[in-house]
Amino acid sequence: MFFIGIDVSKAKLDCSLLVDVSSSKRRAKSVANSKAGVGELLSWCAKQHAMTQELHAILEGTGVYHEQAALALADAGVTVSIVNPAQVKDFGRSLGVRTKTDGIDSLILARYGALLKPKIWTPPSREARTLQVLLSRREAIAQDLQRERNRLEKADVIDTPSRVHQSIVDSVAFLEQQLSKLQQDIDNHIDRHPNLKADRDLLLSIPAVGPQVSNHLLSIIHTHHFQSAEQLAAYLGLVPVERQSGSSVLGRPRLSKAGPAQMRAILYMAAIVATRYNLHLKALYQRLQERGKSKMSALCAVMRKLVHLCFGVLKTREPYRSDYGVKA
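The rules we used
Residues numbered from 1 in each chain as written. Predicted model: local features only at pLDDT ≥ 70, side-chain atom pairs only at ≥ 80, totals over all residues. Heavy atoms only, no water. Pairing = 2+ DSSP bridges. Helix = DSSP H or I, 4+ residues; strand = E, 2+ residues; numbered from the N terminus. Axes fitted to C-alpha atoms, helices over the stretch in contact; angles between N-to-C directions. Buried < 20%, exposed > 50% of the residue type's maximum accessible area, 1.4 Å probe, protein only. Right-handed = clockwise from strand over helix to strand, strands pointing away.

1. What about the sheet that holds strand β3 (residues 25-32)?
- Read from one edge to the other, the open sheet built from 5 strands follows the order β3-β2-β1-β4-β5, with strand pairing classed as mixed. Looking at which strands have only one partner, the edges of the open sheet turn out to be β3 and β5 (79-83). Adjacent strand axes in the sheet meet at a mean angle of 20 degrees when their direction is disregarded.
- Bridging between strand β1 (residues 2-8) and strand β2 (residues 12-20) involves 6 bridges; their strand directions are antiparallel. Across the sheet, Asp7 pairs through a bridge with Asp14, a residue of β2.

2. Looking at the pairing of β5
- For β5, a buried count of 4 out of 5 residues is recorded, marking the element as mostly surrounded by other parts of the structure.
- Note that strand β4 (residues 55-60) and β5 share 5 bridges and pair parallel. Residue pairing for β5: Leu59 is matched across the bridge by Ile82.
- Remark: the β4/helix α2 (residues 67-75)/β5 crossover connection has right-handed handedness.

What follows is the structure, given as C-alpha cells:
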C-alpha cells in the first residue's frame, strides 16, 4: 500500500507520495483542485509504480474544498481517509516538525496515514449529497430573508424614499418565494427516495422533532457514519467538556461545540419545545433542575438526549415509543 498525503487548497492539491515509510522518502506533485487535476495525479502515481488500487490518500477536512477531490479519488478506486486537521497538527508537532509549507503539510499527512492507519472514508450517497446542498441553500436564503425583513422593519419607522421601500418589499417577496420553492424541492427530494423518507418519518415520530430538525439530522446522518449515539452527539458538539486541575482550576463543564453551530441552534429550539410537549424529556429537564442544575445545563442535557432518541429510532427502525427510558 502506498500512502499519499494531499494538502488541499481552493486552487490546487499539493501531494506527497510516500515511497519509503522508514526514511520518509517521498515524491512530490502539485495539481489543480479539479477532477482533471485528480486524473493527472493518478496518472503520475502510476508512473511512480503506485497503482490506483494500491493508493491510500489522506486529506484534511477543509470545508468544501476537499470534497470534490475526495469523491473523485474514491470513484477511481482509491482508498480515502479524511482526518481532523487539529489531530494532524498535533501529530506534526510530535514529530518535531516546525516548518509549515504545503509540501511539508502533505508529507505529514502521508506519514500520519502510514503510522496511524486512519479510518477509511465512505462517500455519501448521491441523494444525501443533494439533500445537503439543498439544505445549505435554504439556510442561505433564510438568512438573506431575515436581513431584508430587518431592513424593511427599519424602513417602516424612518423616512425612507418610496423607491427604496418598494425595492425592499420586492426583495422580501422574491426571497419568500425562493424559500418556499426550496422547501418544496427538499420535501419532494426526500419523498422520491424511500430510504430518506423512511428515516424522516421515524424522526418525526419523536415529539419536539419537526421538519427542520429531521431534515438537518437526516442530512448529517446520511453523509457521515456514526457507530453510536455518543458519536453523533460528540460530532454535534453536545458532549460536556470539563476544566479541572488540582485545586486552582475548577471550571464549569461546557459543551464542546465542536460540530455545526447551526444544528445546535436548531436542536436548542427543539429542546425548549421538548420540555413542554415530550413527557420524557420534560421529566428529565425537571429532574435535573431539582438536582440543582442550571436551566441552560438542563437544556443541554435535553438536547443531547434528543439526539440519542433520534439515533435510537433510526437504529431500531421503530417509531418513538412512550416506554423509552430517559434517565439523567
